[in-house]
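# Notes for the structure review
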Amino acid sequence: MQKIIAVFFLLLAPHILKAQEPAKVLSSVFDEALTDRTEYNNLEYLCKHTKGRIAGSPAAEKAIEYTRQALISAGADTVWLQKVRVPHWVRGTEKCTVTSSVHGTKDLAITALGLSVGTNENELTSNVIEVHNFEELKTLGIQSIQGKIVFFNRPFDNKLINSFSAYGGAVNQRTTGPSEASEYGAIAVIVRSMTQSLDNFPHTGVTRYADSVNKIPAVAVSTLDAELLSQWLKTDPSLTLHLVSSCRNYPDTLSYNVIGEVYGSLKPHEYITVGGHLDAWDIAEGAIDDGGGCVQAIEMIRIYKKLGIKPKRTMRAVMFMNEEMTGTGGKTYAEEAKRKGEVHYAALESDRGVMSPRGFGFEADGPKLEKLQTLASWFAPYNIRDFDKGGGGSDIAPLKALGALQIGYIPDSQRYFWYHHSANDTFEQVNIRELQMGSAAIASLIYLIDLFDL
Ligand SMILES: [Zn+2]
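Residues numbered from 1 in each chain as written. Predicted model: local features only at pLDDT ≥ 70, side-chain atom pairs only at ≥ 80, totals over all residues.

### Things to note about the pairing of strand β13 (residues 343-349)
On any regular strand, side chains alternate: one points to one face of the sheet, the next to the other face. Spelled out, the test is: Every C-beta atom is placed from the backbone, and the number of other C-beta atoms within 10 Å of a residue's own sets its class: buried at 20 or more, exposed at 12 or fewer, partly exposed in between. Counting from the N terminus, the helices are the DSSP runs of H or I reaching at least four residues and the strands are the DSSP runs of E reaching at least two. A strand pair is defined by DSSP finding two or more bridges across the two strands.
Of all the seven residues making up β13, six are buried; the element is thus mostly covered by neighbouring parts of the structure. Sheet topology note: the strand β11 (residues 267-277)/β13 ladder contains six bridges and is parallel. Bridging across to β13, T273 finds its partner in A347.

### Describing the packing of helix α2 (residues 38-49) against helix α14 (residues 432-451)
We apply this condition: For helices, the fitted line uses only the C-alpha atoms of the stretch in contact; every axis is such a line through C-alpha atoms, and the angle between N-to-C directions lies from 0 to 180 degrees. An angle counts as roughly parallel when it lies under 35 degrees, as roughly antiparallel when it exceeds 145, as roughly perpendicular when it falls between 65 and 115, and as oblique in every other case. For any helix crossing, the convention is left-handed if the near helix is rotated counterclockwise from the far helix by under a right angle, and right-handed if that rotation is clockwise. Contact definition: two residues whose C-beta atoms, as placed from backbone geometry, lie within 7 Å. Any residue outside Ala, Val, Leu, Ile, Met, Phe, Trp, Tyr, Cys, Pro, Asp, Glu, Lys and Arg is labelled polar, Gly included; the first ten of those are nonpolar and the last four are charged.
Direction vectors running N to C along α2 and α14 enclose 115 degrees, while the axes themselves pass 10 Å from each other. Considering their axes alone, α2 and α14 lie roughly perpendicular with respect to each other. When you trace α2 past α14, the crossing you get is right-handed. Facing E39, Y40 and L43 of α2, the residues of α14 in contact are I432, L435, Q436 and S439. Its residues assigned to classes, the contact of α2 with α14 comprises four nonpolar, two polar and one charged.

### A closer look at the domain arrangement of the protein
Stated formally: What counts as a domain boundary in this text is fixed by an automatic or database domain assignment.
Along its sequence, the protein is organised into domain 1 (25-89 + 251-451) and domain 2 (92-246). For domain 1 versus domain 2, the separation of C-alpha centres amounts to 33 Å. Across the boundary between the two partners, domain 1 contributes 17 residues, which contact 17 residues of domain 2. When contributions to the side of domain 1 that touches domain 2 are tallied by element, the ones reaching two or more residues are β1 (78-90) and α13 (416-419). For the side of domain 1 that touches domain 2, the element with the highest residue contribution is α13, accounting for three residues. Partitioned by chemical class, the residues of the side of domain 1 that touches domain 2 number nine nonpolar, six polar and two charged.

### Observations regarding the pairing of strand β16 (residues 405-411)
Burial analysis of β16 places seven of its seven residues in the buried class, the great majority of the element. By the alternation rule, side chains of β16 split into L405, I407, Y409 and P411 and Q406, G408 and I410, which are all buried. With four bridges connecting them, β13 and β16 associate as parallel partners. Within β16, the position partnered with L348 by the bridge is I407. In this sheet, β16 lies alongside strand β14 (residues 357-362) in antiparallel orientation, the contact comprising five bridges. Its bridge partner being in β16, F360 is matched across the sheet by Y409.

In structure tokens form, the structure reads like this:
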């Protein structure tokens, strides 16, 4: 009997071992990520030496070369650049002063919105009309708005637990507010910064003019100055704003996505993409948005190579260019993949900051989602528990058409908008442990998805 039991266990042993293997691999991935500083040093370089790397800028060119080298150092089997057409928008001088016969004069902390037009070296002076949504614009109508500066002042809804939901509920003031106000004859727009934080950092971000409207200058104002302006307007509705913004749009130019690969051992012609965007707003170091996502993608390559992990499919780390303005990096990447007939199995984007990992969002339903959710058990030892339905990210979204599973890396969202698109997005805001935990989580998830063919 004992002999039979022994034989039985001998037969079972390889299976038990096999079942334990992924846990061991994950353990080594976390060990490696948490004890190596390469990724953190890469992020420091991006922040301190390629600050303000908006697409089309010299800083962006420098970031392209740096991350190309970083991918080579990480041990990627191949590294290359992919041409991308990008807009070329340059900020100029900017100044906004409020003058009130009741309250006095004050300079406001402002920053021009990306792709906005400027005031053509002139100073615009006008009364201000405060609104909170587009319905108010409609109610006020052309007779109240024409010739004025429209001030959008709808704050984030702080009752929303997920900060991205709060952002989603406010951001149309920035993206389409200038176009909406222009329809009623406004001469410029000033938008409350997209953040819950009450401070003096103005937060930029792209605005998109409708083809049909007259393009008017548009700037963001810090939340503290938005509060002040709103207060002054209550007792002095006839106060005036003086606005100068000399930003300019130049013809499109050429830039690059940076791509590094680890070849697949069994299915080299199937791809899994892990990426962040390399461009960052010109006023920011771009640590949180999104240098962190870029170095995490490079770190996956470094970890796989260092630990000798041989994925079945080809793994790609991609630094997408121009996410912030018109998303041509992500679009070009998917177009090229389609043209070459590439099979894209899955894609993960890290562009929600680099705070402590909570989990992942999957654009999947039914049994597919349930299967992916079973992966949570592997991450329980690391306190990473949220495996839910959710979005991927704007750079990988065009890969959906090629059938790639969309995965979003989900760190804690509470602090993200403190920094997002502002001069407050600096290297110093990043905690090395949180960054490393995220990289380990990403490298582990991708390893498991590839291993189990999920
Ligand atoms: Zn971003």
